[in-house]
Amino acid sequence: MIPSLRFFIAGCLPVLFPVLVFAQEAGGDAGRIRGVIPTIDKLYKDYAGRNHYPGMVYGIVADGKLVYSNAVGMSNLEKKIPAGAEADFRIASMSKSFTTVAILQLRDAGKLSLDDPAAMYVPELKGQKGPASDAPVITIRNLLTHSAGFPEDNPWGDRQLAATNEELMAMVREGLSFSNSPGMYYEYSNLGFTLLGYIVGKVSGLSYERYITENVLKPLGMTHTYWEYADVPANQLAHGYRWLNGSWVEQPMLHDGAYGAMGGMITTMEDFAKYTAWQLAAWPSRDGSDESVLKRSSRREMQQPWMFNNLNSTFSYNGVDVCPMVSMYAYGIRWSKDCKGRTMLGHTGGLPGFGSNWMILPDYGIGVICFANLTYAGASGINMQVLDSVITLAHLKARAVPVSAILAQRQKEVVALLPDFNGAKESGIFAVNFWQDYFVDSLRQEAGALYGRVGKIVRVGELHAENNLRCWFLLEGEKGDLEVRFTLTPEHSPKIQEYHIRPAGGRNRL
């Protein structure tokens, strides 16, 4: 648990009771983030105030840990308990990715396939294919990607948490209604993830709660995470509220049941930050030991875009500059990419009394988390704005792709041949297609002219890998720079199949 410093300001509104947490040793990105903390605090505090949030907890994950957390307001208005990193909030649909982890663990163990018909594990689904005779059967993958053909069911599903498995199966046996044939469209389905929780139980022999607790939560050190609100220590449990007629009205909490697999988890900022860091740690693909909870490759798989969701052509971080964004659904996680080329992953959560969101940028290795105790409290928009502000103001850079040994080798070999290309055909570093697509005389003439304009090459710049077999680098001359790019083949000994040289931007004075 990160030490916290509590500030109590008598006579102020609840949103002015912050709890401050900052990692004591901050280096790397965490050190740069420290400088923008006032901006982060103001963004969240203003947002909570404008939207009448009784309490809000937020945190920043970087360098593999929770580097900053703060809070405004109260987790319990009646007892005047300030919100903080140790408070347990119900996180609603943020629970869905934990059910996904359980499914992928069972898949990796060979106990199920994502393309299995769901009816193999839920016989009550047999014969229920959709609204048309040509509809395919529902697969586990359909359930994971909200493409089973079930209707969007947030208002209804949010009131079902406490339903039993028996009640769930009785409803399925009676027959389900479909909005679309399976596999055609994305449509958000809490029922679909409830059925995934049921499948976890059928395949593992344990309830989904016990399975996830034993195989996900405990190994990750999430020791203050619960399914049943009655199990949470009273002073740690955040109470949920609705803003009604100018005041907060407490909302009753539902007990744990079959639908908890889609939205019943209760957790703290400190615990969920461990999960967030673990999801970030799946990147990049690399050699070395792999965690036992779920393979890095399976975590990256659940973070991939699988089902188109939305194109927001008018999205804006600041309300002024338009930055279009496309969104898709992965497995229990939302995937988005904005006009700046940033990939964002995460999920929102909303229930009567609560609203939340977590969001990570794998290319940057950072994430943000926000919990609030107001009905359907919006948290995704403010999290996006905070991420954009942190990256911009802290001058964070995307993680560099590791340079493979073969790229480094080919760079040295290309540089040795420039600008004359003497012995290039005999060098053995070019693919069979190269001398059909390029001609030595033309290559020599092009490179010679560019070398003549930039003057003597004084430095070969850093190699920038786009992947293991494609890269670019600068040749720094006395009067300007040249950019060299090449792509290698898929052969055992990769060779250069494509090559380009051109004046570089920035320092050129050509």
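Residues numbered from 1 in each chain as written. Predicted model: local features only at pLDDT ≥ 70, side-chain atom pairs only at ≥ 80, totals over all residues. Heavy atoms only, no water.

Q: Where do I start with the overall build of the protein chain in this structure?
A: In terms of regular secondary structure, the protein chain is built from 15 helices and 20 strands. Counting only C-alpha atoms and orienting by the principal axes, one finds that the protein chain spans roughly 80 × 65 × 40 Å. Across the protein chain, contacts joining residues at least 24 apart in sequence account for 64% of those joining residues at least 6 apart. When the accessible area of the protein chain is evaluated, it comes to approximately 21900 Å², of which 53% is carbon and sulfur surface. One way to put it: in the protein chain the 48 positive side-chain charges average out to a point 4 Å from where the 50 negative ones average out. (Helix = DSSP H or I, 4+ residues; strand = E, 2+ residues; numbered from the N terminus. Contact = heavy atoms within 4.5 Å. Areas by Shrake-Rupley, 256 points an atom, 1.4 Å probe, with all protein chains shown as cover. Lys, Arg positive; Asp, Glu negative; His and termini not counted. Charge placed at Lys NZ, Arg CZ, Asp CG, Glu CD.)

Q: I would appreciate a short explanation of the side chain of Ser-389 in the present structure.
A: Of note, Ser-389 is situated in helix α12 (residues 380–393). Residue contacts for Ser-389: discarding those within four places in its chain leaves Leu-43 and Ala-394.

Q: Can you help me understand the side chain of Ser-93 in this one?
A: Among the structural elements, Ser-93 can be located in the loop between β6 (89–90) and α3 (96–108). In terms of polar contacts, Ser-93 uses its side chain to reach the side chain of Lys-96, at 2.8 Å. Non-local contacts of Ser-93, meaning those with residues more than four positions away in its chain, are made with Tyr-188, Asn-190, Met-262, Gly-263, His-347, Thr-348, Gly-349 and Gly-350. (Polar contact = N/O pair within 3.5 Å; in protein donor to acceptor, adjacent residues only side chain to side chain.)

Q: What should I look at first to understand the environment of Asp-158 in this one?
A: Structurally, the position occupied by Asp-158 is in the loop between α5 (154–157) and α6 (165–174). Exposure remark for Asp-158: the relative accessible area of 3% places this residue in the buried category. For Asp-158, the side chain forms a polar contact with the side chain of Tyr-376, separated by 2.7 Å. (Buried < 20%, exposed > 50% of the residue type's maximum accessible area, 1.4 Å probe, protein only.)

Q: How should I be thinking about the packing of α3 against helix α10 (residues 269–280) in this particular structure?
A: Any two packed helices are characterised by the angle at which their axes cross and by the distance between the axes. At their nearest, the axes of α3 and α10 sit 13 Å apart, and the two run at 55° to each other. With respect to α10, the axis of α3 lies oblique. Every pair of crossing elements has a handedness; the one defined by α3 and α10 is left-handed. Where α3 approaches α10, its residues Ser-97, Phe-98 and Val-101 are matched on the opposing element by Phe-272, Tyr-275, Trp-278 and Gln-279. Looking at the contact of α3 with α10 residue by residue, the class counts come to five nonpolar, two polar and no charged. (Axes fitted to C-alpha atoms, helices over the stretch in contact; angles between N-to-C directions. Parallel < 35°, antiparallel > 145°, perpendicular 65-115°, else oblique. Left-handed = near helix turned anticlockwise from the far one by under 90°. Nonpolar A, V, L, I, M, F, W, Y, C, P; charged D, E, K, R; others polar.)

Q: What am I meant to see in the packing of aromatic side chains here?
A: For any pair of aromatic rings, geometry is given as the distance between the ring centres together with the angle between the planes. Counted by the stated rule, this structure contains 24 aromatic pairs. Ring pairs connect the aromatic residues Phe-89, Phe-98, Phe-272, Tyr-275, Trp-278, Trp-358 and Phe-371, which therefore count as one cluster. Above the plane of the ring of Trp-306 lies Arg-141, whose end atom (NZ or CZ) is 5.7 Å from the centre. (Phe/Tyr/Trp six-rings, centres within 6.5 Å; stacked < 30°, edge-to-face > 60°. Lys NZ or Arg CZ within 6 Å of the ring centre and 35° of its normal.)

Q: In this structure, what is going on with the pattern of salt bridges? I would like to understand it.
A: Proximity of charged atoms lets side chains of opposite charge pair with each other. Within this structure, the stated rule accounts for 18 salt bridges. Note that Arg-459 and Glu-476 form a salt bridge whose closest N and O atoms lie 2.7 Å from each other. Separated by 17 residues along the polypeptide, Arg-459 in strand β16 (residues 457–460) and Glu-476 in strand β18 (residues 470–477) bring together distant segments of the chain. Taking the relative accessible area as the measure of exposure, Arg-459 reaches 43% and is therefore partly exposed. With a closest N to O distance of 2.8 Å, Glu-466 and Arg-470 form a salt bridge. (Salt bridge = Lys/Arg side-chain N within 4 Å of Asp/Glu carboxyl O.)

Q: Sorry if this is basic, but what is going on with helix α2 (residues 37–50) here?
A: Given 3.6 residues to a turn, an α-helix orients residues that are three or four positions apart in the same direction. Relative to the 20 Å expected for 14 residues at 1.5 Å per residue, α2 spans 20 Å between its end C-alpha atoms, a close match to the ideal helical length. Directly beyond the C-terminal end of α2, a positive phi value near 60° is found at His-52. (Expected span 1.5 Å × (residues − 1).)

Q: In this structure, what is going on with unusual backbone geometry? I would like to understand it.
A: Most peptide bonds are trans, and most residues other than glycine sit at a negative phi. Geometrically, the link from Trp-283 to Pro-284 is a cis peptide bond, its omega value of -10° lying close to zero. With respect to the helices and strands, the residue Pro-284 is situated in the loop between α10 and α11 (296–302). The phi angle at Tyr-376 is positive, at roughly 50°, despite the residue not being glycine. Mapped onto the secondary structure, Tyr-376 falls in the loop between β15 (366–372) and α12.

Q: Is there a simple way to explain the nonpolar core in this structure?
A: Within soluble globular proteins, side chains that are nonpolar tend to cluster in buried spots. In this structure, Ile-199 and Tyr-275 are the most contacted members of the largest nonpolar core, which totals 89 residues. Looking at this core element by element, the count peaks at eight residues for helix α7 (residues 190–204). When residues no more than four places from it in sequence are discounted, the contact partners of Ile-199 are Ile-103, Leu-112, Ala-118, Tyr-121, Val-122, Ile-140 and Leu-143. By size, the runner-up hydrophobic cluster in this structure holds 40 residues, among which are Ile-33, Tyr-58, Val-368 and Ala-394. (Core = buried A, V, L, I, M, F, W, Y, C linked by side-chain atoms within 4.5 Å.)

Q: Mind showing me how you'd approach the layout of surface pockets here?
A: One water molecule sets the probe size; rolling that probe over the atoms shows where empty space is left. Roughly 500 Å³ of internal volume is contained in the largest pocket. Lining the largest pocket are 20 residues, with Trp-283, Pro-284, Asp-363, Val-401 and Pro-402 sitting closest to its centre. Partitioning the lining of the largest pocket into residue classes produces nine nonpolar, five polar and six charged. For the second largest pocket, the calculated volume is near 330 Å³. (1 Å grid on protein atoms, 1.4 Å probe; cavity = no way out; pocket = protein on both sides within 12 Å on 5 of 7 lines; lining within 4 Å. Points joined across faces, edges and corners; volume = space filled by probe spheres on them.)

Q: Even after reading the chapter, I still don't get empty space enclosed by the protein, so can you show me in this structure?
A: Counted under the stated rule, the structure contains one cavity of 30 Å³ or more. The calculated volume of the largest cavity comes to roughly 30 Å³.

Q: Would you mind going over the packing of α3 against helix α8 (residues 208–217) with me for this structure?
A: In the contact formed by α3 and α8, the axes pass within 10 Å of each other and the chain directions differ by 80°. One way to sum up the angle between α3 and α8 is to call them roughly perpendicular. For the pair formed by α3 and α8, the contact residues are Phe-98, Thr-99, Val-101, Ala-102, Gln-105 and Leu-106 on the first element and Tyr-211, Ile-212, Asn-215, Val-216 and Leu-217 on the second. Residue classes in the contact of α3 with α8 are distributed as eight nonpolar, three polar and no charged.

Q: Help me understand α3 in this model?
A: Along its 13 residues, α3 runs 18 Å from first to last C-alpha, staying within 8% of the 18 Å computed at 1.5 Å per residue. Three or more residues of α3 are buried, namely Lys-96, Ser-97, Phe-98, Thr-99, Thr-100, Val-101, Ala-102, Ile-103, Leu-104, Gln-105, Leu-106 and Arg-107. A positive phi of about 80° marks Gly-110, the residue just after α3.

Q: Which parts of the structure should I look at to understand the pairing of strand β13 (residues 343–351)?
A: A regular strand places its side chains on the two faces of the sheet in alternate fashion. Among the nine residues that make up β13, eight are buried, leaving the element largely enclosed by the rest of the structure. Pairing between strand β12 (residues 334–338) and β13: four bridges, direction antiparallel. Each residue of the ladder has a partner; that of Arg-334, found in β13, is Gly-346. From the end of β12 to the start of β13, which pair antiparallel, there are four residues, and Gly-341 there has a positive phi angle of about 80°. As defined by bridge partners, β13 adjoins strand β14 (residues 354–361) across seven bridges and the pair is classed as antiparallel. Bridge pairing in β14 places Gly-349 opposite Ser-356. (Pairing = 2+ DSSP bridges.)

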